[in-house]
Amino acid sequence: MKSLTALLCAFTLSAPAFAGVGNAKDTKTIEEPCPPNSLLLINTSADYVGESKFRHGGGKQDAMHFDFEVDQRIPLGFAWPNHECGKWYLRIGADYDRFDFDTEHQSRVPNTLQSATAVIALEYVVHDDAAIMLETRPGVYFEHDINGGAFDAVTTLAFAYPVFGGDKFYAIFGVAGAALWSPHFLPVIGATWYISDKWELDAVLPDPRLIYNASDKLQIWAGGELAGGAYKTDRRDVDPHKLSGAVVTYTDIRAGGGVTWKAKPFTVELAAGASMQREFDYARAGSRFRTRPAPYVELAIETRF
């Protein structure tokens, strides 16, 4: 599922952008015929974070988040690296992502942060998941008003590489970057370990997890999630004035658990836990606002054809 986007989106993301890279166990050689890869991908998610107080300066806030993405894979004729069942695709699509905040007694943070982007990716797909991916999301990342400063293109290059000579442990490497981020580039580093037929450890941002495969259709998991992004805020009457029209990085650090149910073509996921801290970081203006912990719930649905 896309978590998306990811504070490797602010930091990725989203979401849900290279979640498939972590599923590299399916790259092992098999003797049976290669199943067809999905060509149409539709992801939608919604979550709610309960009300919590700001740590300094007074005020309180809750948060709603919604994301919708649709992508189409177009087969390409490249042969390298010639892995059985591996194929190259151009993936194109569109994504709309939105955070809404109900804030009391704190006027220095935005009440909405949103993005509308295209999705353009070159990916090497093995058993319906990307093992190599170069993706960019050009579009606008804004509060309410769109201007030239709101344009950005969050870009990620990532790949999974088997280590220890088998198909049980994969290292994830890459880099992600965007003009609105501070700093502009961040490493993509993680690992996926298929401990047994029942247990998996997916230590990859933005949603690291320890997964128990209860059946072919049901997973039970515990882990974390890193949500958010970097956005150009509106010009408005605010004190201090340096926050007017400034770039803000919004981060939501979560810990919890959930269940994932898979019944092709649908995957449905329900999660709950605690938002440990939400942060509005005006790095270039030198101001930062953080909230105290609060509960959250999330529902995500993925459809593949």
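Source: prediction; values computed, not measured.

### Here's the deal with the environment of G256
Logical step 1: Its place among the elements puts G256 in strand β12 (residues 247–263).
Logical step 2: By relative accessible area, G256 is classed as partly exposed at 22%.
Logical step 3: C-alpha separation for the pair G256 and G273, spaced 17 residues apart in sequence, amounts to 3.9 Å.
Logical step 4: If we skip the residues at most four places from it in the chain, G256 touches W221, A222, G223, A272, G273 and Y296.

### Considerations on the side chain of N213
Logical step 1: One can find N213 in strand β10 (residues 209–213).
Logical step 2: Here the side chain of N213 touches Q219 through a polar contact of 2.9 Å, side chain to side chain.
Logical step 3: Once residues lying within four places of it in the same chain are set aside, the contact partners of N213 are D197, K198, W199, E200, L218 and Q219.

### Overview of the state of the cysteines
Logical step 1: Under the definition given, this model contains 1 disulfide.
Logical step 2: A disulfide bridge connects C34 with C85, and the sulfur atoms are separated by 1.8 Å. Looking down the S-S bond of the C34 and C85 bridge, the torsion is -90 degrees, so its handedness is left-handed. One end of the pair, C34, is in the segment before β1 (40–53); the other, C85, is in the loop between β2 (60–75) and β3 (86–104), and 51 residues separate them in sequence.
Logical step 3: Under the relative-accessibility criterion, C34 is labelled partly exposed at 40%.

### Focus on the pattern of salt bridges
Logical step 1: In total, this model carries 23 salt bridges according to the counting rule given.
Logical step 2: Measuring nitrogen to oxygen at the nearest pair gives 3.5 Å for the salt bridge that ties R254 to E298. Highlighted residues: R254 in strand β12 and E298 in strand β15 (residues 294–304), separated in sequence by 44 residues. Pair check on accessibility: R254 and E298 agree, each one buried.
Logical step 3: One network of salt bridges, in which partners are shared, links E69, D71, R73, R91, E123, D128, D129, E135, R137, E302 and R304.

Reading guide: rules and limits
- Residues numbered from 1 in each chain as written.
- Predicted model: local features only at pLDDT ≥ 70, side-chain atom pairs only at ≥ 80, totals over all residues.
- Heavy atoms only, no water.
- Helix = DSSP H or I, 4+ residues; strand = E, 2+ residues; numbered from the N terminus.
- Buried < 20%, exposed > 50% of the residue type's maximum accessible area, 1.4 Å probe, protein only.
- Contact = heavy atoms within 4.5 Å.
- Polar contact = N/O pair within 3.5 Å; in protein donor to acceptor, adjacent residues only side chain to side chain.
- Disulfide = S-S within 2.5 Å.
- Salt bridge = Lys/Arg side-chain N within 4 Å of Asp/Glu carboxyl O.

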